Amino acid sequence: MTDAEWMAMALEEAWKGVGKTAPNPPVGAVITKDGALLGKGWHSKAGAPHAEVKAMADAEKHHGREALRGATAFVSLEPCSTAGRTPACTGGLVEAGISRVIYGSMDPNPAHAGAADAVLKAAGIEVKSGVLRDQCDEILRPFSKVQRTGLPWVIWKCAMSLDGKITRPEGEGQWLSGVESRADVQLLRSQVDAIVTSGETVRRDLPALTIRVPEFLEGREQPWRVVVTDKPETMPKKAAIFSDEWKHRTLIRSRKNPEEMLRALAEEQGILSVMLEAGGNFSAAMISAGLVDEVVIYYAPILCGNTVPALAGEGFPASVALEGISRETFGKDLRVRGLVAK
């Protein structure tokens, strides 16, 4: 196998940790020797062993400690070179006798970026970086943004009719999108640390904003549910987010300064990624303020006419372009996903 193929395997491991590792990044690693796989691992949560340590432990379990000497480690992110809640991975790689380390992304933390190279090379380890860098950078977007700006990665998710409405005509029921799209939303929720909504949405819809698929909850807690409102006294106490078994995961935050609200979520709760599920006014305000990074829209093949629009209020000072567009069908619905061009 090529270096890129081994790194793709490390990325498969890393994806297992998406939504589980905050405030740490999701990372995967594989250990190889003489063209054979010895072990693999992924970082499962903050405070748990890092991917490199788990991959080496897996290799040792199946092949013995001595097999690590002269082996190659493929890691999706530059190995950490400083100790935190766990020891530095560079030290573990050196101690194990790894002879070659190949990683995809450089550490987004400017204080640590590239630091592993010097440590590893000083120990006689060959280092190569940048293998599948774009793919490795993609999985790190939330962590990288927090490191760079202090703000979490924000995804606006919306289901709408083809004419841009988020409600059906009176008497037709609640759902626009089909069961397949709603199942995909459950997967998306499992990949973020928090769901942000507006007080208006809570009053109108009484949403639960939970992950309801048991397998998607494995290894993580329910996402934080953040209600943004300047009228907390009007919140319906019967709403599930204030009364269910996860009510301790519900936060009420002021609407006055959305950027500072997001910054506080990163600083105080360690949140890396947020999904915005709200009505047209608040969603438009967040997008026009430049606080949304990614858009996921489920288009249902219906026209709803004079109902509630997906984006409303004063509108944007300028149109907002998307890039990196992907399209996928879920049942009869079309999902369009893209990054907000900055």
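In what follows, the structure referred to is the one given above.
Presented here is a report on the structure given in the accompanying data block.

What counts and what doesn't
Residues numbered from 1 in each chain as written. Predicted model: local features only at pLDDT ≥ 70, side-chain atom pairs only at ≥ 80, totals over all residues. Heavy atoms only, no water. Helix = DSSP H or I, 4+ residues; strand = E, 2+ residues; numbered from the N terminus. Expected span 1.5 Å × (residues − 1). Buried < 20%, exposed > 50% of the residue type's maximum accessible area, 1.4 Å probe, protein only. 1 Å grid on protein atoms, 1.4 Å probe; cavity = no way out; pocket = protein on both sides within 12 Å on 5 of 7 lines; lining within 4 Å. Points joined across faces, edges and corners; volume = space filled by probe spheres on them. Nonpolar A, V, L, I, M, F, W, Y, C, P; charged D, E, K, R; others polar. Pairing = 2+ DSSP bridges. Axes fitted to C-alpha atoms, helices over the stretch in contact; angles between N-to-C directions. Contact = heavy atoms within 4.5 Å. Core = buried A, V, L, I, M, F, W, Y, C linked by side-chain atoms within 4.5 Å. Disulfide = S-S within 2.5 Å. Parallel < 35°, antiparallel > 145°, perpendicular 65-115°, else oblique. Left-handed = near helix turned anticlockwise from the far one by under 90°.

Under the 1.5 Å per step criterion, the end-to-end length of helix α1 (residues 3–15) is 18 Å for 13 residues, consistent within 8% with the ideal 18 Å. Along α1, the residues classified as buried are D3, W6, M7, M9, A10, L11, E13 and A14.

Before going further, it helps to examine the layout of surface pockets. To locate leftover empty space, one rolls a probe as large as a water molecule over the atoms. Taken as a whole, the largest pocket encloses approximately 860 Å³ of empty space. Lining the largest pocket are 30 residues; nearest its centre among them are K157, Q174, W175, D205 and E277. Counting only elements with at least two residues in the lining of the largest pocket, the list comes to β6 (153–161), α7 (179–190) and α8 (199–205). When residues of the lining of the largest pocket are assigned to their parent elements, the largest contribution, 7 residues, is made by α7. Per-class residue counts for the lining of the largest pocket are 13 nonpolar, 9 polar and 8 charged.

Let's shift gears to the sheet that holds strand β11 (residues 294–300). Spatially, 8 strands are ordered β9-β8-β7-β10-β6-β11-β13-β12 in an open sheet, and the strand pairing comes out mixed. The two strands at the open ends of the sheet, each matched to only one other strand, are β9 (250–253) and β12 (322–330). Here the average twist between neighbouring strands, direction ignored, is 20°. Of the pairings in the sheet, the one linking β6 to β11 comprises 7 bridges and is parallel in character. When the bridges of β11 are listed, A159 appears paired with Y298. Those strands touched by α7 are β6, β7 (194–198), β10 (273–276), β11, β12 and β13 (333–340), and its axis lies near 165° from that of β11. Contacts between helix α11 (residues 258–269) and the sheet are confined to β6, β7, β8 (224–228), β9 and β10, with β9 contributing the most and set at about 140° to the helix.

Before going further, it helps to examine the nonpolar core. Ranked by size, the top nonpolar core spans 37 residues in total, and within it I31, I98 and V101 carry the most contacts. Elements with a minimum of two residues in this core: α1, β1 (28–33), α2 (51–63), β3 (72–77), α3 (89–96), β4 (100–105), α4 (115–122) and α5 (133–139). The greatest single-element share of this core, amounting to 6 residues, is contributed by α1. Among all residues touching I31, those that are not within four sequence positions of it are A36, L37, L38, G39, A55, M56, A59, L68, A71, T72, A73 and I98. W156, C158, V196 and V274 belong to the second-largest nonpolar core, a separate cluster that totals 28 residues.

A few words now on the sheet that holds β4. Taken in spatial order, the 5 strands of this open sheet run β2-β1-β3-β4-β5, and their pairing is mixed. Both outer strands of the open sheet, β2 (36–42) and β5 (126–129), are each paired with one neighbouring strand and no more. Between one strand axis and the next, the sheet turns by 15° as a mean value, whatever way the strands run. As judged from the 4 bridges shared by β1 and β3, these two strands associate in the antiparallel manner. Bridge pairing in β3 links I31 to A73.

What follows concerns the pairing of β1. Within β1, 5 of the 6 residues are buried, which leaves it mostly tucked inside the rest of the structure. As paired elements, β1 and β2 share 6 bridges and run antiparallel to each other. By the bridge assignment for β2, G28 is matched with W42.

With that settled, the discussion passes to the state of the cysteines. Applying the stated criterion to the full structure yields 0 disulfides. The cysteine C80 is free of any disulfide, with C89 supplying the nearest cysteine sulfur at 3.6 Å. For the unlinked cysteine C304, the closest cysteine sulfur is that of C158, found at 11 Å.

Running from amino to carboxyl end, α2 crosses α3 at an angle of 25°, the nearest separation of the two axes being 9 Å. In terms of orientation, α2 and α3 fall into the roughly parallel class. Like other packed secondary-structure pairs, α2 and α3 cross with a definite hand, here left-handed. Residues E52, V53 and M56 of α2 form the contact with α3, whose own contacting residues are C89, G92, L93 and A96. For the contact of α2 with α3, the residue count by class is 5 nonpolar, 1 polar and 1 charged.

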